[in-house]
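Residues per chain are reported as follows:
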Amino acid sequence: MSPSLFNFVDAKEKFTTAARHALGGKTCKQLVNVFNQIPGNETEKKTTLDQALRGVLGDQIDEQKTSCDDYLSLIYLSIDAVTEGICSATAPFVLLGDVLDCLPLDLCDKIFSFVEENVSTWKSSSFYTAGKNYLLRMCNDLLRRLSKSQNTVFCGRIQLFLARLFPLSEKSGLNLQSQFNLDNVTVFNKNEQETTLGQKTDEKEDGMEVEEGEMGEDDAPASCSIPIDYNLYRKFWMLQDYFRNPLQCFEKFSWITFVKYSDETLAVFKSYKLDDMQASKRKMEELRASDGEHVYFAKFLTSEKLMDLQLSDSNFRRHILVQYLILFQYLKGQVKFKNSSCVLNDDQNTWVEDTTKLVYQLLREIPPDGDKFATMVEHILNTEENWNAWKNEGCPSFVKERTVDEKPKRPTRKRQAPEDFLGKGPDRKIFMGNDELTRLWNLNQDNMEACKSDSREFMPSLDEFFAEAIEQADPVNMVEEEYKVVRNPNYGWRALRLLSRRSPHFFQPTNQKFKSLADYLDSMVSKLAKELPKDIPSEEIKTGEEDDDDNGDNLLKDSNDSPSIQNKLVTNQQMDDIAAKLGAQWKTLASHLEMKAAELREIETDSEDVDMQAKLLLVAWQDREGTQATVENLVTALNAAGFSQIADSLNET
């Protein structure tokens, strides 16, 4: 049985129906199912689906809906279809073009917002190659419909979108051949018979009457300080034709005219400089406050009546002088598409260099911030030279990809094989290239095992390191505070490192505040003196919490007179034994030791090992009770908690 043939009309109807259902469900699964069911090759089916989507869009436009949501839903559907591989990659752009061509500008603004938001989608590999020309054509069509004066913001958004869409090296947005806008013609009065310059005008002209006292001193119009006649007016505005088309400067007679008019114009700028008297203080403050927002010359106003005001305006002068600098840069620069005959001779180059210095001098003399403005312009023009050089080189890509073959090859020296230098000397020594290194390396057969030996253990024990501090803490020895080792910063730093490795008190939280490291070490020395063996210090430390009933007698008794169980403090070894026996049941004892819930949470946070948690519980209890942390009190708490066996073993020790 022969396969069924592809029917365009039938397939289009099925795709149209599926597209309408897909818009309601906001998913393209139904389109995918229909696409797979229809016979034919993929190219035919994709083209048919494109036509079906355009037909659905045409029906939506015929309904003249005021909302853009339906149009955008269809475009989203086409994007999903492209992702699924059932639609041409150009379909979303064709639909966008149709929508923008048929809608008024206010709705086009909303559609373009959608285009801006999905710029990352357009730049993806699935859409960029197929759609960049469509997007460029669509944006150009919009710009032709918009007014640059009425729709300035919309035009700017389109330009910014194109800048985000295309890479910096995209040639379609560059003026590669250095063409000029010759249509930008400046219109002014070229008939000397119709000029009004030099004629006296009525003060009440145009019905503008000013009553006495209406205008203040600062608002009074300044008298004409620059002598302006028709010749100056005509020559000044004739210069705009050279700025519009710089190629005229390479013609002999045009160059002579340009030099003559430029010298006279710049002489006026140089002779009649602007200062704070010409621009009132209030105007200067307005210029600084506005940050240049008022400076915009969409088109020159060439009325003869405005000539004096224009020449007295600092921003207008800056505009004209910057035009000179741009023109000079083109005349001297190397432009790829410039005619070979467009070259300045030595005299012309000399005049351009001298005039360039004069223009920069005039820019620096124009208030406000003349020096800053001139420096900024010079920097921008120097940067422009780099762009010109880039265009002359054919706009190469800024991404430099270096292949493996292009990597520089360095001469390599063949390394010796291990058997060439391992175990070749007497006693099969390993030679390290240096006598001293060879000696150190061969001290032991196995260097890793040598590092683990007991002789490499340099960390002292607590009793060895704190023996001197414990002895100095005894009041009987009468050691002044400033001479104690705990006051030595170097000793304190080493003591902290040792406590963090050897003592559980270091990590035990406490509410006691210490003003200095020495005070903290004094407290730690007192605790260690109670825990360490009694044969290290000869006498017991007197803590401020004990009653001094012996009137200065030694606090330590002879080893034969051991304290009774009522006054015997719990030792560190006893706490280790109890913690090992308690294990996970330490919380039962905590309630009888009157520990707070916050302290229990801190103990659980500090360690996950139940034995260590039990030890931290006993240490926290000992720190809180001080001299009351006796064996008798701990035995009472153990019995109350139901640990009678542990209590009995504690009494026996």
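Just so it is clear, the structure is predicted and the values come from calculations on it, not from any experiment.

Two elements in contact, helix α1 (residues 8–25) and helix α4 (residues 69–84), have axes separated by 10 Å at closest approach and are oriented at 110 degrees. In this view, α1 runs roughly perpendicular relative to α4, as classed from their interaxial angle. For the pair α1 and α4, contact is made by A19, A22 and L23 and by S73, L74 and L77, respectively. Among the residues making up the contact of α1 with α4, the classes are represented as 5 nonpolar, 1 polar and no charged.

As a further point, take the packing of helix α28 (residues 631–640) against helix α29 (residues 644–652). A pair of packed helices is captured by two measures, namely the crossing angle of their axes and the spacing between those axes. Taken N-terminus to C-terminus, the directions of α28 and α29 make an angle of 160 degrees; their axes are 8 Å apart at the nearest point. Between α28 and α29, the crossing angle belongs to the class labelled roughly antiparallel. Every pair of crossing elements has a handedness; the one defined by α28 and α29 is left-handed. Residues V631, L634, V635, L638 and N639 of α28 form the contact with α29, whose own contacting residues are S644, I646, A647, L650 and N651. When the residues that make up the contact of α28 with α29 are grouped by side-chain class, the tally is 7 nonpolar, 3 polar and no charged.

Our next topic: the nonpolar core. Ranked by internal contacts, the top residues of the largest apolar core, which has 58 residues, are I111, V115, W122 and F161. Sorting elements by how many residues they give to this core places α4 first, with 8 residues. In terms of nonpolar packing, the next biggest core, distinct from the first, is built from 46 residues, I226, L311, V352 and L362 among them.

Here we take up the environment of H505. In this structure, H505 sits in the loop between α22 (489–502) and α23 (517–531). Placed 115 residues apart in sequence, H505 and A620 show a C-alpha to C-alpha distance of 8.4 Å. Apart from residues lying up to four places away in sequence, H505 is in contact with Y520, M524, K527, E531, V619, Q622 and D623.

Each pair of aromatic rings is reported with the distance of its centres and the angle of its planes. If you walk through the whole model with that rule in mind, you get 29 aromatic pairs. Summarising the aromatic geometry, the rings of W237 and F300 are spaced 5.5 Å apart at their centres and angled 55 degrees between planes, so their arrangement reads as tilted. Here the residue W237 occupies a position in helix α10 (residues 230–244), and F300 occupies one in the loop between α12 (281–289) and α13 (307–311), the gap between them amounting to 63 residues. Residue W237 shares its accessibility class with F300, and that shared class is buried. Geometrically, the ring pair formed by W237 and F316 is edge-to-face, given 6.2 Å between the ring centres and 70 degrees between the ring planes. Of this pair, W237 sits in helix α10 while F316 sits in helix α14 (residues 314–332); the two residues are 79 residues apart in sequence, bridging distant segments of the chain. Each of the two residues, W237 as well as F316, counts as buried. Among the aromatic side chains, those forming a connected cluster through ring pairs are Y242, F243, W255, F258, Y324, F328 and W351. One cation-aromatic arrangement involves K45 over F35; the distance from NZ or CZ to the ring centre is 4.3 Å. When the ring centre of Y134 is taken as reference, the NZ or CZ atom of R137 above it lies at 5.5 Å.

The rules behind the values
- Residues numbered from 1 in each chain as written.
- Predicted model: local features only at pLDDT ≥ 70, side-chain atom pairs only at ≥ 80, totals over all residues.
- Heavy atoms only, no water.
- Axes fitted to C-alpha atoms, helices over the stretch in contact; angles between N-to-C directions.
- Helix = DSSP H or I, 4+ residues; strand = E, 2+ residues; numbered from the N terminus.
- Parallel < 35°, antiparallel > 145°, perpendicular 65-115°, else oblique.
- Contact = heavy atoms within 4.5 Å.
- Nonpolar A, V, L, I, M, F, W, Y, C, P; charged D, E, K, R; others polar.
- Left-handed = near helix turned anticlockwise from the far one by under 90°.
- Core = buried A, V, L, I, M, F, W, Y, C linked by side-chain atoms within 4.5 Å.
- Buried < 20%, exposed > 50% of the residue type's maximum accessible area, 1.4 Å probe, protein only.
- Phe/Tyr/Trp six-rings, centres within 6.5 Å; stacked < 30°, edge-to-face > 60°.
- Lys NZ or Arg CZ within 6 Å of the ring centre and 35° of its normal.

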